[in-house]
Amino acid sequence: MTEPVRTTVTINGEEYLIKGDMPEDVIKAIAQHVDSRLRILKSRHPHLGMTRLAMLALLNMAEDLYHLQEQNEELVRRMQEDWRTRAVKNGKSGSP
């Protein structure tokens, strides 16, 4: 088993030490994404405190994930249907 990667990232001007099993560049990219979302929300809602901004960012990213999962499920359904159609055309029966 490999050692966890320790990476220091900056989010909203604060440094965090992140320990994980992803490559350092991936951890930094994720942190930059979070930082960017917070900065955008902060510019749109300057009156909100950090807790509420963080919650809005979390909800926005959860919504993005939800829609991506829906798209993924639709793509999988389409691929499965395509495989079934091809199998029928090729004279095979059953599902993949």
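Residues numbered from 1 in each chain as written. Predicted model: local features only at pLDDT ≥ 70, side-chain atom pairs only at ≥ 80, totals over all residues. Heavy atoms only, no water.

Engineer: An account of the pairing of strand β2 (residues 14–20) is needed here, citing residue identities and associated values.
Structural biologist: Where strand β1 (residues 5–11) lies against β2, seven bridges are found, and the strand directions are antiparallel. Counterpart to Thr7 in the pairing with β2 is Ile18. What sits between the antiparallel neighbours β1 and β2 is a turn of two residues, in which Asn12 has the positive phi angle 55°. (Pairing = 2+ DSSP bridges. Helix = DSSP H or I, 4+ residues; strand = E, 2+ residues; numbered from the N terminus.)

Engineer: Residue-level account of unusual backbone geometry, with values.
Structural biologist: A positive phi is found at Asn12, a non-glycine position, where the angle reads about 55°. Along the chain, Asn12 turns up in the loop between β1 and β2.

Engineer: Kindly report on the environment of Thr7, identifying the contributing residues and their values.
Structural biologist: Along the chain, Thr7 falls in strand β1. Sequence-distant contacts of Thr7, defined by excluding residues within four places in its chain, comprise Tyr16, Leu17, Ile18, Glu24, Ile27 and Lys28. (Contact = heavy atoms within 4.5 Å.)

Engineer: Outline the side chain of Arg37, supporting the account with residue identities and numerical values.
Structural biologist: Relative to the helices and strands, Arg37 resides in helix α1 (residues 24–44). Residue Arg37 is classed as buried on the basis of its relative accessible area, which comes to 17%. Among the polar contacts made by the side chain of Arg37, one reaches the side chain of Asp64 at a distance of 2.8 Å. Ignoring anything within four residues of it in the chain, the contact list for Arg37 reads Asn60, Met61 and Asp64. (Buried < 20%, exposed > 50% of the residue type's maximum accessible area, 1.4 Å probe, protein only. Polar contact = N/O pair within 3.5 Å; in protein donor to acceptor, adjacent residues only side chain to side chain.)

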